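What follows is each chain in one-letter form.
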Number of protein chains: 2
Amino acid sequence: MKQYAIAIHGGAGTILRSVMTAEKETAYKKGLEDAIIAGETILKAGGNSLDAVEAAIRSLEDNPLFNAGKGAVFTHEGKNEMDASLMEGKTLMAGAVTGVKNIKNPISLAKAVMQKSEHVFMAGEGAMAFAKKINAEMKPDDYFFVQQRYDQLQEALKSDTIVLDHTVDKEKKFGTVGAVALDIQGNLAAGTSTGGMTNKKNGRVGDTPMIGAGTYANNNTCAISCTGHGEFFIRSVVAYDISCLMEYKGLSLKEACEIVVQQKLVKIGGEGGLIALDAKGNIELPFNSEGMYRASKKADNEIYIGIYKG
Amino acid sequence: MKQYAIAIHGGAGTILRSVMTAEKETAYKKGLEDAIIAGETILKAGGNSLDAVEAAIRSLEDNPLFNAGKGAVFTHEGKNEMDASLMEGKTLMAGAVTGVKNIKNPISLAKAVMQKSEHVFMAGEGAMAFAKKINAEMKPDDYFFVQQRYDQLQEALKSDTIVLDHTVDKEKKFGTVGAVALDIQGNLAAGTSTGGMTNKKNGRVGDTPMIGAGTYANNNTCAISCTGHGEFFIRSVVAYDISCLMEYKGLSLKEACEIVVQQKLVKIGGEGGLIALDAKGNIELPFNSEGMYRASKKADNEIYIGIYKG
C-alpha cells in the first residue's frame, strides 16, 4: 500500500522571532497541527486527497489566526472578500472562486464549482448566486469580525496603504492558507484560500484563485499551493512552472522548487513561498521570506511544524 | 534591423463553409484585415509590440462581428460582461480584467491595470471603479446592442443552454479575439479579449483574462493568445504550457503548438485554437476545431487571412 502525505501553509512573510510571543507561537502551532490532523484523518482512513485538502483548509479557514474564512482581512470598504481554488491531480479537474462574501468555507465553494457546475472559475455576484443555489454555508458579517483584522484596516486607512496582512506588530505577512495531499491511491490534490489584502480596493484578484499560478495538481508531477505577493506569482505562473520543470526538464521536486522560489521569484522581487508534494510523497516547503507558517506529515513520521527560517 | 510580425484571431469553432455566405465571409475578412493593419501600422513605424497588440484588438473590439467589445454577447441577465488581458514579453508585466461592463475597449483597461495600478488582475465592480478613476472610455448599453447577439440570447433562453457564441446558423463558436506581435526591438506581446458566452450565468470566468491560460508572452520563448472552451484551457494552462515546452524541453514553436493543441487539448476534449509567435518571427495558428478566424503579417510578406481548415 502506498503511503499518504500532507503539507499545509498558513501564509508567508516577515515573521520574526523578535516580535512573536510564546503564547502566539503556541496558538499558531496548535492551529497548524489541528489542520494537519483534519486532513490526515481522512488520508489515514483511505479517503481521497481532494477531501483531505478541503478538510485541512476548512480547519485553517475556521481559525481566526489565519487570513482566510473567519480570519479574512478587511477590504478598503470594511468588507471581507475571499478567494479560493483547488485542483485534483488525477483528472486535472479544478474549481475556483474570487470575491465571495459571507461564505464560511470558500474552499468548499471552490470544490462545488468543480464538482457541481460546468465552470472552473466563478467571480463575485455570480459565484454568490451559485453558492445560494447549492446551499453553501453562509455566515453573517459579524462572524468574520476579528478585532485584530479591524485594527489592521484602521491603521492601513490612516496611511492609505495596501497591506498584505499587516499585524499590529508591523510584521508583513502574505495571508493565505493552503494544503497539498497524496492519498494511498497515489492521487495528488492541492488547494489555496485567502482573505486577500487589508485595505485592498474591491476587485483585486491575486494568485490564490488562479489555477496554474496559486494552485496546481497533476499526478504526473506534483501538487502545489502558494502564498506570497500574488502579482509576481501570477506573472510567473508559479505553481504550473514547478510542474513543467519536473515534467519537461526532468528536475526533482526539490530542484524545481529551488529554481522557482529562490531564483526566479527572487529575481523579480516576488516575496513568498509555497508547499509542494510529489507523487512519491516527497515534501518541499520553500520560501524566500523571513518565515512561513507550515506543517507536514507523512504516514509514518511525526508532524513537522515550522514558522521561521532554518 | 529585426523584422516585425503580427498575428490575430477572431475566435474558433464550428465555422463551416456550407453555412457561410460570400457577403459574411467578405465582412469577416475585412474585419481581420483592418485589425492586422491597425497593429502593423504601429510596428512598421518602430512602435512597440504591446501597443500593436492593443491597436489590433481595439479594432476587433470595435467591430460588431466579433465577440468582444461592441460585439460582446449577452449574459443570462441580458447584460454584456467582458474580460481581457495582455502581457509584455520583455518585462513579464501583465494586466487583466474580468466582468467589466460598458467599457468600450476592455483591452485598453487591461493595459491600464498593468501600467497604472499595482495589481495584475481586477474583477467586477473594483475594475469598474478603477476604469472610472483612469477615465476609461465608457459606452451606454445600446452601443453594445447587436441584434444578432440579442437573437442568440433569446434562442439560448428558450432551451436554457449556455452557448459559447452561437450564431443563428447553428454554428458553435468560441467568441474571443486576440493578437500577438513582435516589434523591431525584438520584444513580444500578447493580448486577448472576449464578450464571454451567450446566456452564461453572471460570474463565470474563462481563460481569456487568465495570464498563463489564455494569454502569455515571454521574450525568451513566445507570445500566445487562445480561443476555445475556456474551462479546458484553464485546466491545461495552455499559453504557458507552450512557453514551457519551448524553454524546458527545447521544442520549436511549431512542435509545442502541435503537442498542446492537437494532442493534449484533444485528449481532454478541449476544443479551440490559438495564435503563437516566437522571438524569431515564426508564426503558428493551430486549432482543433472546424475553423478559426485568423490573420497574420510579417514585414515583407502579404497579409495571410484564413477562416476554415486547410
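Notes on the structure in this doc start here.

Facing 36 residues of chain A, the contacting portion of chain B comprises 36 residues. Contact between chain A and chain B buries roughly 3200 Å² in total, counting both sides, with carbon and sulfur atoms accounting for 63%. Considering only the side of chain A, the residues that lose the most area to chain B are F121, R235 and Y248 of chain A, jointly responsible for 23% of the buried surface there. Connecting chain A to chain B are 16 residue pairs in polar contact (both at pLDDT 80 or more). Mapped by element, the contributors of at least two residues to the side of chain A that touches chain B are β4 (121-123), α4 (124-133), β8 (204-205), α6 (230-235) and α7 (238-249) of chain A. Looking at which element gives the most residues to the side of chain A that touches chain B, the answer is α7 of chain A, with 6 residues. Looking at the side of chain A that touches chain B, its residues break down into 21 nonpolar, 7 polar and 8 charged.

Right, let's get into the sheet that holds strand β10 (residues 222-228) of chain B. Residue and element names in this part refer to chain B. The 4 strands lie next to each other as β9-β10-β11-β12, forming an open sheet whose pairing is antiparallel. Each edge of the sheet is formed by a strand with only one pairing partner; in this case those strands are β9 (215-217) and β12 (283-284). As paired strands, β9 and β10 are joined by 3 bridges and run antiparallel to one another. Residue pairing for β10: Y216 is matched across the bridge by I224. Running at roughly 145° to β10, helix α7 (residues 238-249) makes contact with β9, β10 and β11 (272-278) of the sheet. Sitting on the sheet, helix α8 (residues 253-268) touches β10, β11 and β12, and the angle it makes with β11 is about 165°.

To continue, consider helix α5 (residues 147-159) of chain B. Residues separated by three or four positions in an α-helix point in the same direction, a consequence of the helix having 3.6 residues per turn. Residue and element names in this part refer to chain B. With 13 residues, α5 extends 19 Å between its outermost C-alpha atoms, agreeing within 8% with the 18 Å of an ideal straight helix rising 1.5 Å per residue. Looking at α5, one finds that the buried residues are R149, Q152, L153 and A156. All buried residues of α5 lie within an arc of 100° about the axis, which places them on one face of the element.

The subject of this paragraph is the pattern of salt bridges. Residues and elements named next belong to chain B. One pass over the full model with this rule turns up 17 salt bridges over all chains. When the shortest N-O distance is used, the salt bridge between D51 and K111 registers 2.6 Å. On the criterion of sequence distance, the pair formed by D51 in helix α2 (residues 49-61) and K111 in helix α3 (residues 106-116) is long-range, its members being 60 residues apart. Relative accessible area serves as the criterion here: at 26%, D51 is assigned to the partly exposed category.

The next point concerns unusual backbone geometry. A positive phi angle, close to 60°, is found at N102 of chain B, a residue other than glycine. Considering the arrangement of structural elements, one finds N102 of chain B in the loop between β3 (94-100) and α3.

Successive residues of a regular strand alternate their side chains across the two faces of the sheet. All names here are of chain A. Where burial is concerned, most of strand β11 (residues 272-278) is hidden: 7 out of the 7 residues are buried. The side-chain alternation of β11 yields two buried faces, one formed by G272, L274, A276 and D278 and the other by G273, I275 and L277. Across 7 bridges, the pairing between strand β10 (residues 222-228) and β11 is antiparallel. Looking across to β11, one finds that C222 is bridged to D278. The pairing of β11 with strand β12 (residues 283-284) spans 2 bridges and is classified as antiparallel. Within β12, the residue paired with L277 across the bridge is I283. Linking two consecutive strands that pair antiparallel, namely β11 and β12, is a turn of 4 residues; a positive phi of about 90° is found at G281 within it.

Each value, and the rule that gives it
Residues numbered from 1 in each chain as written. Chains lettered and ligands numbered in written order. Predicted model: local features only at pLDDT ≥ 70, side-chain atom pairs only at ≥ 80, totals over all residues. Heavy atoms only, no water. Contact = heavy atoms within 4.5 Å. Buried area = accessible area lost by both parts, 1.4 Å probe. Polar contact = N/O pair within 3.5 Å; in protein donor to acceptor, adjacent residues only side chain to side chain. Helix = DSSP H or I, 4+ residues; strand = E, 2+ residues; numbered from the N terminus. Nonpolar A, V, L, I, M, F, W, Y, C, P; charged D, E, K, R; others polar. Pairing = 2+ DSSP bridges. Axes fitted to C-alpha atoms, helices over the stretch in contact; angles between N-to-C directions. Expected span 1.5 Å × (residues − 1). Buried < 20%, exposed > 50% of the residue type's maximum accessible area, 1.4 Å probe, protein only. Arc of directions from axis to C-beta. Salt bridge = Lys/Arg side-chain N within 4 Å of Asp/Glu carboxyl O.

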